[in-house]
Amino acid sequence: MSWLLFRANVGLMLLIFMVLLALMAQSSYAIPAFSRQYGTSCSTCHIDFPKLNDFGKAFKDAGFKFPKDDESMLKIPPVMLGAPANAEIWPKAIWPGTIPGIPPIGLRYNQYFQYTSASRNQINIPGNTGPYIPATDFETGFFSIFTGGNFGSDIAFWVDDDISVSGANANGGLGEAYLKFVNLGRLIPKLPAHVLNVRVGQVELEIPFTQAKSIWISPYDIYSQANIGVVNPAFNQQFVNNAFAFAGSGKGIEFSGGLHTGGYNYSVAFIDQTTTPGYAQGNTNAYVPTATGSNQGGAGIASDSNFKDIYTSFNYRFNLEKDKESRNSIQAAGPSGPRDHTYLNVGTYWLYGRSVQRLTGALLDETSATLTAREPFYRVGGNATFNYHNLQFNALYMYGHDYNLLPVDSTGALVPLPVTGAITPVGFVHGSPATFSGGFVDAEWLPYPWMYVMIRYDAVNSNSDYHNALVPGGFTNSPFNGASSVTRNRITPAVQFLIHANIKATAEYQFRPSQSLQLITNPITGLPVAVNSFHTNTLVLGLEYVY
Amino acid sequence: MSRFTLSAVLVLTLATAALAGTIAGTVSPGKSSVVYVDAIAGKTFPAPSQKPLMDQKGLVFNPHLLVVQVGTTVEFQNSDNVQHNVFWPSISGNKKDGHNLGTWPKGEKRPFTFSTPGVVPLLCNVHPEMSGYIVVSPTPYFAETDASGNYKIDNVPDGKYNVVAWHEGSKPQTKSVDVSGTGKADFTLSK
């Protein structure tokens, strides 16, 4: 087939695709959990699900309720768990609450098709034991259930769970599951109600841009960045194996306050450390009581450290409407109707934790012992968002720092890594820290209520990721398949179409970071250097629906 | 005004009243259908002074269907504590007659005078599930059907008219009706 003919065919297919979308995009009435209760469309709260608009943010801030007159908005009245007058005789009665009139259940499913550029064949080399990478591939995504709402008395709840991932049943996991005590500031004299909320359970940290509810198919690279120190013996090695990444959820308690529709908002959270691979599913040690009192099969102990990671964030959002009334409203009053504010949001965040590594060693008296490196680490950064009507720009920067506790023997000399047992470690000293940095910027434009055009630039700078790839065929030892430079850049243009308010078609092209399978020795430094880099770009098409 | 003129007006009025009849019938699919006498060539009618209310409460337009005579000023009200918008993309499919009334806070009313007859589909661009209709009749002779689909238009002068029936989601239907004291027209509307 000639190139011109190929282009003509592709153009025809795209045209047919667009026409089909247009034909399908008729009246849309989505019915996820809250839509059913309030008899309203997904687009009341979402720009492009799951991304929230200003009203959706206010709904969430209020504890999954309409900020005002919630009761009059409910089409399905809640079930009373006690008449309201019981509150007057408390503590002689249970404080009255409610449950939703119908189970507030939503379901979500997505599926994908991926095309991988021809450079995949540099990985599909004969003798490569890795999985074969096809040019095209169909893939089921995840099927998940989510439920959320309000129990009255400003107590909100949320649970979401991936029932299956990639077609494997029960292979998913619990996303978030929490109770949120909202507007506790009302109990504090002279303070606004929204000054304090408490959330307890398994939560996604209040990171500047949500990963769990992102509209992008591909994750933010910086949020997936674990800090694995240099293990390549050609370089100064680091004893860092910190699996923590912002993309995951944490178990703990969070104090928060403020509003996401204007002014300040903050979060202070204390979560189990989750840096040790293998501990995430719980320790079923038979000699310690578990949360459910069962030695085996009960809820285990999910962390192996007393220390709780501490996360804080602070944001301030400046709504920029000239009219004061509009500026202070949940949504701005545009000439043709309410819309998201024109605003500038700036924020900062910080996480301090300790990763844990254990190895067999000895005490100074040569008694055999398990040595534990409790390695302090922190992540810090800033974020900004500028929104002008239907155009939004987002940016995030992160710096990661792990202190790198190196094992030493009884003479104080460094124990060569990896620790093999030939030399017995007895303690740790600080080495040069393992650091990384990076972030992303993106632009998101909504030319029509059903069409989102986006582009994102991701960058991650990690010396250790680069160094770890510099071994012959070394991409198998690197978590990033052979990063060929210190900085991994990715540019991702994307377009999304809401076929209905609850059905979405997505196309995302990833100009992926350069990779390398070949290296040479730098004649000056004597160190390996990646050469002949290539990009394995991918086009991902997705179909997703919630109901 | 002289006595003669007064007497003449009185006689004419009584005569007209004596000649006024009714148009009645049924409309299928029934409830919430509108029947009106279409424009009468060479005849105009003064605009009514009443200002009917179209409310937005509980994320719905209330009433869902409002029938008014052309020239009527309708007052749109937001009774919700959330922002609403009112717009109509067209009147009887004519996009040039589309209009956006904008946004206003709870409790306030915003008037609009409908000078073009036709069907006005009301929407809110914040809550796309919200839907309402205003049927602007070109004459004062209109009626809304009852729960059984029956209607009755009173005070229609004797004559021959085009009578239009409309129901949400159905194609409107026009029938020619002779009114001589009474006129009858049944409609079966299809989608």
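Residues numbered from 1 in each chain as written. Chains lettered and ligands numbered in written order. Predicted model: local features only at pLDDT ≥ 70, side-chain atom pairs only at ≥ 80, totals over all residues.

Looking only at helices and strands, chain A features 6 helices and 31 strands. For chain A, the proportion of its 547 residues judged to be buried stands at 37%. The long-range share in chain A, meaning contacts at least 24 apart out of those at least 6 apart in sequence, stands at 59%. (Helix = DSSP H or I, 4+ residues; strand = E, 2+ residues; numbered from the N terminus. Buried ≥ 20, exposed ≤ 12 C-beta atoms within 10 Å, placed from the backbone. Contact = placed C-beta atoms within 7 Å.)

Turning next to helix α3 (residues 54-61) of chain A. Residues and elements named next belong to chain A. Within α3, 7 of the 8 residues are buried, which leaves it mostly tucked inside the rest of the structure. Residues of α3 that are buried: Asp54, Phe55, Gly56, Lys57, Ala58, Phe59 and Asp61. Lining the buried residues of α3 we find β1 (46-48) and β2 (51-52). Gly63, located one to two residues past α3, shows a positive phi value of around 90°.

With that settled, the discussion passes to the confidence of the model for chain B. Residue and element names in this part refer to chain B. For chain B, the mean per-residue pLDDT works out to 89, and 90% of the residues sit at or above 70. Looking at the elements of chain B, mean pLDDT is at its lowest for helix α1 (residues 3-19), recorded as 47, and at its highest for strand β5 (residues 65-69), recorded as 97. Scored below 50 in pLDDT, residues 8-18 makes 1 contact in the model with residues more than four places away or belonging to other chains. (pLDDT = per-residue confidence, 0-100.)

This brings us to the interface of chain B and chain A. Taken together, the contact pairs 15 residues of chain B with 21 residues of chain A. Examining the composition of the side of chain B that touches chain A, we find that 3 residues originate from one element, strand β8 (residues 99-103) of chain B, more than from any other. For the side of chain B that touches chain A, the residue count by class is 4 nonpolar, 9 polar and 2 charged. (Nonpolar A, V, L, I, M, F, W, Y, C, P; charged D, E, K, R; others polar.)

Our focus in this paragraph is the sheet that holds strand β6 (residues 73-78) of chain B. Two strands in a sheet stick together by hydrogen bonds in their backbones, pointing the same way (parallel) or opposite ways (antiparallel). Residue and element names in this part refer to chain B. The sheet built from 4 strands is open, its strands ordered β4-β3-β6-β9 with mixed pairing. For this open sheet the edge positions go to β4 (60-62) and β9 (109-113), each flanked by a neighbour on one side alone. Between one strand and the next, the sheet's axes are offset by a mean angle of 25°, whatever the strand orientation. Inspection of the sheet shows strand β3 (residues 53-57) paired to β6 by 4 bridges, in the parallel sense. (Pairing = 2+ DSSP bridges. Axes fitted to C-alpha atoms, helices over the stretch in contact; angles between N-to-C directions.)

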